[in-house]
Amino acid sequence: MPKARRKKIPIASVEAANSSSNTSHSSRTIIRQFHVLLKRQAQLQSSPTLDANSKNALADVQRQIADLGGLECYQRMSAVGQGSDRGGGSEKILIGWLKEMGLQKSQSSKLRYISNYLFSLGHDRVRSWIRLLEVGALKPDNYRSCISWIDPTPMDLRSRHPSILEQDFLLLDVNEHRKKWDVISLSLVLNFVPAPKDRGRMLNIAHSLLSPSGYLFLALPLPCVANSRYLNFEYLKSLMGAIGFVQLQEKWKEGRKMAYWLYRKEPQPIRSPESFQKKRVVRQGNRNNFCVVL
Ligand SMILES: C[S@@+](CC[C@H](N)C(=O)[O-])C[C@H]1O[C@@H](n2cnc3c(N)ncnc32)[C@H](O)[C@@H]1O
C-alpha cells in the first residue's frame, strides 16, 4: 500500500494561518516584550567590561529575542498593528499635512522624467517633487498614491522587499547624505531605539539629513510622551527646539494609542541643547521611563 502523504500547505496559507492568531492584543504583547529585550540587550552591550555573568545574561537575552522570532516576527506584528489599531499606516497623516501646506505639485510622468534627468545634471531648481526618507518601512509602497509628487526612499534595518533599502539609519554617513531629503518620517522608530542617547542622536542625524526648511514627521505610542517620567508634550517641544526643529503640527487624543508631530528644520537650534543632555525627571508617579537625551 502506498504511504499516505501529508498534503503540502502553500507558504501563503501558513502566513495566513499564523496571522489569524495575530490579534492586535497578541501583537502588542510581543512588541512590548521585544522592546524590553532590546533595552536589556543594549544595556548589557554598553557595559565597558562584560564579566562571565553579563555574557551569560546577554546570550540569554539574545536567545529570547530569537525565540520570539527575531526582527522578522517583530515586523510582522508591527504590520498587524499598523492595520487594525491605528486605522492604517501613519503615512496618511503625513500626506494630509503635506497637502495642507500646499506641497502637492503633481507632475506628468514625462515631465518628471525630464526634470529627474536635469536634476541628475545638477539643475536643482527643476525639481518639484519631494524627496522623502521613510525610516522603518514595513512596506515598499506606502506612498504609491503620491508618486507624482513624492519620491520615496523606504529604508529599514531588515528589508522585507527588494525596493526597501536595508540600512541602519544610525549608521548613515551624514557627510555623504547631508541635506539629501526634504521630508524624513520616523514613525514608531524612535521608540524602537533602546538607548536614550541614541534616540537623541537619531533626531540630530535627521536634522543633518534634511534639506533647509525640510520636515520631520514623528509618530510615537502616546504613552511615550503622555505618561513618561522624563517627557511631556512641552518638554518634547523644547527638546526638539534644541536640536533645531520648530513644531508645526501635533495630533493625539486622550484614550488613543498614537501621537503624531510635524516639525520644520531651522538652521540653528531654537534653545540651548545643554539642559537636554541628561535624564531629567519632569513628573513623578507610576509612569514609564521613555526618555530622549541629546
Ligand atoms: C514598529 S516598526 C514601524 C513600522 C512603520 N513605520 C509604522 O509606523 O508602523 C519599526 C521599524 O523600524 C525599524 N527600525 C528601527 N530602528 C531602525 C534604524 N536604526 N534604522 C532603520 N530602521 C529601523 C525596525 O526594523 C522596524 O521594522
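Because the structure is a prediction, the values reported are computed rather than measured. (Residues numbered from 1 in each chain as written. Predicted model: local features only at pLDDT ≥ 70, side-chain atom pairs only at ≥ 80, totals over all residues. Heavy atoms only, no water.)

A. Local environment of the site of the ligand. Taken together, 20 residues are adjacent to the ligand, and G136, D156, D168, F169 and S187 come closest. With respect to the ligand, the backbone of L157 contributes an N or O atom lying 3.2 Å from a nitrogen atom. One nitrogen or oxygen atom from the main chain of F169 is found 2.9 Å from a nitrogen atom belonging to the ligand. Here the ligand loses 97% of its free accessible area of 590 Å² to cover by the protein chains. If one sorts the elements of the shell around the ligand by residue count, helix α4 (residues 70-84) sits on top with 5 residues. Its residues placed into classes, the shell around the ligand shows 10 nonpolar, 7 polar and 3 charged. Residue assignment places the shell around the ligand across two domains, with domain 1 (11-84) and domain 2 (91-276) each supplying three or more. (Near = heavy atom within 4 Å. Polar contact = N/O pair within 3.5 Å; in protein donor to acceptor, adjacent residues only side chain to side chain. Areas by Shrake-Rupley, 256 points an atom, 1.4 Å probe, with all protein chains shown as cover. Helix = DSSP H or I, 4+ residues; strand = E, 2+ residues; numbered from the N terminus. Nonpolar A, V, L, I, M, F, W, Y, C, P; charged D, E, K, R; others polar. Domains from an automatic or database assignment.)

B. Main features of the sheet that holds strand β4 (residues 181-187). Pairing is mixed across the open sheet formed by 7 strands, whose spatial order is β3-β2-β1-β4-β5-β7-β6. The open sheet terminates on both sides in strands that have one partner only, identified here as β3 (165-166) and β6 (245-252). Of the strands in this sheet, β4, β5 (210-221), β6 and β7 (258-265) touch helix α8 (residues 196-209), which is tilted by about 150° from β5. Here helix α10 (residues 233-243) sits on the sheet and contacts β5, β6 and β7; the angle it forms with β6, its principal contact strand, is near 150°. (Pairing = 2+ DSSP bridges. Contact = heavy atoms within 4.5 Å. Axes fitted to C-alpha atoms, helices over the stretch in contact; angles between N-to-C directions.)

C. Structural view of the nonpolar core. F169, I184 and L216 are the most contacted members of the largest nonpolar core, which has 40 residues in total. Within the residue set of this core, elements represented by two or more residues are β1 (130-135), β4, α8, β5, α9 (223-226), α10 and β7. The leading source of residues in this core is α10, at 7 residues. Beyond its immediate sequence surroundings of up to four residues, I184 is in contact with L133, V135, A206, L209, L210, Y215, L216 and F217. Core analysis: the next-biggest nonpolar cluster, separate from the first, contains 18 residues, Y143, A219, M258 and Y260 among them. (Core = buried A, V, L, I, M, F, W, Y, C linked by side-chain atoms within 4.5 Å. Buried < 20%, exposed > 50% of the residue type's maximum accessible area, 1.4 Å probe, protein only.)

D. Region of interest: the UniProt feature "binding site: S-adenosyl-L-methionine" (unreviewed entry) in the protein chain. UniProt's entry tags G136 and D156 with the feature "binding site: S-adenosyl-L-methionine" (unreviewed entry), counted in the numbering of this structure. For this annotated set, covering 21 residues, all C-alpha atoms fall within 4.6 Å of each other, a compact arrangement in space. Looking at where G136 falls in the secondary structure, it is placed in the loop between β1 and β2 (150-156). Overall, the relative accessible area of 26% leaves G136 in the partly exposed class. In this structure, G136 is in contact with M155, D156 and V189, ignoring residues within four places of it in sequence. Relative to the helices and strands, D156 resides in strand β2. On the basis of relative accessibility, which here comes to 8%, the residue D156 falls in the buried class. A distance of 3.3 Å separates a polar side-chain atom of D156 from the backbone nitrogen of A137. (UniProt positions renumbered as here; feature names shortened; annotations may be inferred.)

E. Just the side chain of S185, in detail. Note on placement: S185 falls in strand β4. Since its relative accessible area comes to 2%, S185 is described here as buried. Sequence-distant contacts of S185, defined by excluding residues within four places in its chain, comprise L94, L133, E134, V135, Y143 and F217.

F. Geometry of the confidence of the model for the protein chain. Per-residue pLDDT for the protein chain averages 86, and the proportion of residues at 70 or more is 84%. Counting interchain partners and residues more than four positions distant, the pLDDT-below-50 stretch residues 3-22 has 5 contacts. (pLDDT = per-residue confidence, 0-100.)

G. Examining the pattern of salt bridges more closely. Throughout the structure, instances matching the rule amount to 7 salt bridges. For R144, the salt bridge identified is with D141, shortest N-O distance 3.7 Å. D141 sits in the partly exposed class, given a relative accessible area of 32%. Through salt bridges with shared partners, one network takes in D60, R63 and D67. (Salt bridge = Lys/Arg side-chain N within 4 Å of Asp/Glu carboxyl O.)

H. Representation of the packing of aromatic side chains. By the definition in use, this model includes 8 aromatic pairs. Taken together, a centroid distance of 6.0 Å and an interplanar angle of 70° make the contact between W97 and F217 edge-to-face. Pair noted here: W97 is in helix α5 (residues 91-100) and F217 is in strand β5, with a separation of 120 residues, a long-range link. Ring geometry for F233 and W252: centres 4.4 Å apart, planes at 10°, overall stacked. Of the two residues, F233 sits in helix α10 while W252 sits in strand β6, which places them 19 residues apart along the sequence. A relative accessible area of 18% means that F233 is categorised as buried. On the basis of relative accessibility, which here comes to 32%, the residue W252 falls in the partly exposed class. Of the aromatic side chains, those joined through ring pairs into one cluster are F34, Y74 and F192. (Phe/Tyr/Trp six-rings, centres within 6.5 Å; stacked < 30°, edge-to-face > 60°.)

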